[in-house]
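Coordinate analysis (summary)
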Number of protein chains: 2
Amino acid sequence: MKPLGRHVLAEIYGCDFEILNDIKKVEEIMVNAALEAGAEVRECVFHKFSPQGVSGVVVISESHLAIHTWPELGYAAVDVFTCGEKVDPWDACNYLTTNFSAKQMTAKETKRGIHPVTPHRVAVNM
Amino acid sequence: MKPLGRHVLAEIYGCDFEILNDIKKVEEIMVNAALEAGAEVRECVFHKFSPQGVSGVVVISESHLAIHTWPELGYAAVDVFTCGEKVDPWDACNYLTTNFSAKQMTAKETKRGIHPVTPHRVAVNM
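Labelled according to an unreviewed UniProt entry, chain A appears under the name S-adenosylmethionine decarboxylase proenzyme, originating from Desulfofarcimen acetoxidans. In its Pathway (unreviewed entry) section, the UniProt entry covering chain A states "Amine and polyamine biosynthesis; S-adenosylmethioninamine biosynthesis; S-adenosylmethioninamine from S-adenosyl-L-methionine: step 1/1." UniProt's Sequence similarities (unreviewed entry) comment on chain A is quoted here verbatim: "Belongs to the prokaryotic AdoMetDC family. Type 1 subfamily."

This paragraph deals with unusual backbone geometry. All names here are of chain A. A cis amide bond, omega 5°, links S50 with the succeeding residue P51. Following the sequence through the fold, P51 ends up in the loop between β2 (41-48) and β3 (54-60). Phi is positive for S63, close to 135°, though the residue is something other than glycine. Among the structural elements, S63 can be located in strand β4 (residues 63-70).

Right, let's get into the UniProt feature "modified residue: Pyruvic acid (Ser)" (unreviewed entry) in chain A. Following the UniProt record, the feature "modified residue: Pyruvic acid (Ser)" (unreviewed entry) maps to S63 of chain A here. You can call S63 of chain A buried: its relative accessible area is 4%. Dropping the residues within four chain positions of it, S63 of chain A is found in contact with V58, F81, T82 and C83 of chain A together with H68 of chain B.

Turning to the interface of chain A and chain B, a few remarks are in order. On the side of chain B, 44 residues touch chain A, which itself brings 44 residues to the contact. Of the roughly 3600 Å² buried between chain A and chain B, counting both surfaces, carbon and sulfur atoms make up 66%. On the surface where chain A and chain B come into contact, there are 2 salt bridges. One salt bridge in this structure joins E11 of chain B and R112 of chain A, with 2.6 Å as the shortest N-O distance. Between the two partners, chain A and chain B, sit 20 residue pairs in polar contact (both at pLDDT 80 or more). Going through the elements one at a time, β1 (5-13), β2, β3, β4, β5 (75-83), β6 (104-112) and α4 (118-125) of chain A are the ones with two or more residues in the side of chain A that touches chain B. When its residues are assigned to classes, the side of chain A that touches chain B shows 21 nonpolar, 14 polar and 9 charged.

Computed from the structure, the largest pocket encloses a volume of approximately 200 Å³. F49, Q52, T69 and W70 of chain A together with S61 of chain B are the residues nearest the centre of the largest pocket, which is lined by 16 residues in total. Contributions of two or more residues to the lining of the largest pocket are made by β3 and β4 of chain A. Here the lining of the largest pocket gets 3 residues from one element, more than from any other, and that element is β4 of chain A. A breakdown of the residues in the lining of the largest pocket according to their chemical character gives 5 nonpolar, 8 polar and 3 charged. Taken as a whole, the second largest pocket holds about 150 Å³ of empty space.

Rules of the game
Residues numbered from 1 in each chain as written. Chains lettered and ligands numbered in written order. Predicted model: local features only at pLDDT ≥ 70, side-chain atom pairs only at ≥ 80, totals over all residues. Heavy atoms only, no water. UniProt positions renumbered as here; feature names shortened; annotations may be inferred. Helix = DSSP H or I, 4+ residues; strand = E, 2+ residues; numbered from the N terminus. Buried < 20%, exposed > 50% of the residue type's maximum accessible area, 1.4 Å probe, protein only. Contact = heavy atoms within 4.5 Å. Buried area = accessible area lost by both parts, 1.4 Å probe. Salt bridge = Lys/Arg side-chain N within 4 Å of Asp/Glu carboxyl O. Polar contact = N/O pair within 3.5 Å; in protein donor to acceptor, adjacent residues only side chain to side chain. Nonpolar A, V, L, I, M, F, W, Y, C, P; charged D, E, K, R; others polar. 1 Å grid on protein atoms, 1.4 Å probe; cavity = no way out; pocket = protein on both sides within 12 Å on 5 of 7 lines; lining within 4 Å. Points joined across faces, edges and corners; volume = space filled by probe spheres on them.

In structure tokens form, the structure reads like this:
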């Protein structure tokens, strides 16, 4: 069975404190990352924490981009989930790394939706 | 370095079609999953696709819960990211599996924020 989607979890380190702590900038960069990857933006929600940090999600037709920032550590935890062939989640991760002025990004991709339930149900019914 | 968070990617199969295609029910179950896990809900955004499917995210103080549903496949792609010791992402995944009347859930946990940039920078500067 072909996977339904690709989900990249990216650890982005050595980012600019001011960017990671600015909810408007984080939202703008996340939306642009989605567009850069060829996605269609549907909904956005961002939240600013006190004393610092931003969490937010861009819901796209092809799934989502999510971020949580620790400005004091220069760290952003990002995940980008895309379905279909049109959008490449790595394009979004690379765009974010550049625009957060990050020094390092490590990431891994997981295929989503590849374990059909049918064989399990057949086995149970035998 | 202790990880900053835990991120569980869950594949939930054999779910009830009507639940997965009902934006209000999906949102209610997702919010309750967050509360069940001990999280504090900050923001919610959900989107209904045509002809079927729901995408949505619950932003919590401890990070987020996200979902994308394929009602026609009985499949929900869920991810739950939590920070701190108080909230267990597996509690949320188990709650969702039960409340989607699912037949099967497979999941894996990834530790987030465990690769500090400092050693990399030191190595580069040597």
